[in-house]
Amino acid sequence: MRTSGEPCSVRCGTLVAVSNPQPRTLVLVGATASGKSALAVAYARASTRQGRPAEVVNADSMLVYRGMDIGTAKPTEAERAGVPHHLIDIADLTETASVAEFQRLARAAIADCHERGVLPIVVGGSALYTRAITDEFSFPGTDPERRAHWERELERVGPLALHAQLAELSPQAAAGILPGNGRRIVRALEVIDLTGEFTSTLPSWRYALPGVCQVGLELDRDTIDRRIEQRVDQMWADGFVEEVRRLERQGLRQGVTASRALGYRQVLAFLAGECSEQEAKQATVFGTRRFARKQLSWYRRDDRIVWLPAGAADLVERLGRLLG
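- As named in an unreviewed UniProt entry, the chain is tRNA dimethylallyltransferase, taken from Enemella dayhoffiae.
- Recorded in UniProt under Sequence similarities (unreviewed entry), the annotation for the chain is "Belongs to the IPP transferase family."
- Here is the UniProt Subunit (unreviewed entry) comment for the chain, exactly as written: "Monomer."

A closer look at the overall build of the chain
1) Next: Regarding its fold elements, the chain presents 13 helices and six strands.
2) Next: Here the C-alpha atoms of the chain give a radius of gyration of 20 Å, agreeing with the 20 Å that 2.2 N^0.38 yields for 324 residues.
3) Next: The buried share among the 324 residues of the chain stands at 48%.
4) Next: Intrachain contacts of the chain at a sequence separation of at least 6 include 74% that bridge at least 24 residues.
5) Next: Accessible surface, the chain: about 15,700 Å² in total, of which carbon and sulfur atoms supply 51%.
6) Next: Measuring between centres, the 42 positive side-chain charges of the chain sit 4 Å from its 40 negative side-chain charges.

Structural notes on the confidence of the model for the chain
1) Next: Within the chain, residue pLDDT values average 89, and 92% of them lie at 70 or more.
2) Next: The low-confidence segment residues 1-20, where pLDDT is below 50, has 35 contacts with residues more than four positions distant or belonging to other chains.

Let's talk about helix H3 (residues 99-115)
1) Next: With 17 residues, H3 should reach 24 Å at 1.5 Å per residue; the first-to-last C-alpha distance of 24 Å fits that figure.
2) Next: At its buried positions, H3 is contacted by strand S1 (25-30), strand S2 (54-58), strand S3 (85-86), strand S4 (119-123) and helix H4 (127-134).
3) Next: Looking one or two residues past H3, Gly117 carries a phi angle of roughly 75 degrees, positive in sign.

The rules behind each value
- Residues numbered from 1 in each chain as written.
- Predicted model: local features only at pLDDT ≥ 70, side-chain atom pairs only at ≥ 80, totals over all residues.
- Heavy atoms only, no water.
- UniProt positions renumbered as here; feature names shortened; annotations may be inferred.
- Helix = DSSP H or I, 4+ residues; strand = E, 2+ residues; numbered from the N terminus.
- Rg over C-alpha atoms; globule rule 2.2 N^0.38 Å.
- Buried < 20%, exposed > 50% of the residue type's maximum accessible area, 1.4 Å probe, protein only.
- Contact = heavy atoms within 4.5 Å.
- Areas by Shrake-Rupley, 256 points an atom, 1.4 Å probe, with all protein chains shown as cover.
- Lys, Arg positive; Asp, Glu negative; His and termini not counted.
- Charge placed at Lys NZ, Arg CZ, Asp CG, Glu CD.
- pLDDT = per-residue confidence, 0-100.
- Expected span 1.5 Å × (residues − 1).

Okay, structure coming up:
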């Protein structure tokens, strides 16, 4: 039996028959708008029909927020097609999400699936969140007072000045964080306060979960760009601006995490009179494209991922063969 740190066994040829096979965990990754959610549902339904029940575990930190539906492309009840989805609509807008807390919740959902003989299908999210769920990945503790202090500093001086403060305390930590990434700067300063050091280096590529098989959906850049633009057009047509306006009344601006989500941040700027609606829309397209490129650059570093062409007619069958 292979260990949890090994990649999907199909990469080495055929699956090895064992008397007590370990639980499996399917992970679907890829750029925004590559079709991960739809494939997860299609495979879960096919697998369940064949006697191997499957459920979806969300790995997108923004889908946890109630009411953030259009801008996150949250799958509707109809799109979920009766397949149970975990970690969707579990938090209020004003709650702050952390990678460590998401890791805990996702691993609990995956363990619950394994205990019930269900295949968990982990879908969505950034490479950081995916790795935090699947890999040996630990996080320093947190302190609400120190976090609040540095968040106030971020609000007062802005990310560039706060990054300069970080560089004085830890040049190495500052070198690994973009000057505009206020959230990571705050976290680094909080960890330095608590432990005296902070590293932006990710841990080694070693799975913490049993039987992980990661599959990436591959698309060329032009197709990704076109799909993203189409998705943003559809968001606006579906009433995205009204959704943000409604959520603003419910406290969206006070949500440290939720208010920074792609699209929501841009529309909040429009509602505050900082830009036009068209500028907010174009900023959403450009920001989402940048995020998609960043996603892919991270995923490409992981040679454990089996890449398949997004939209191929036989994707469900291919996944079945990979999982054995």
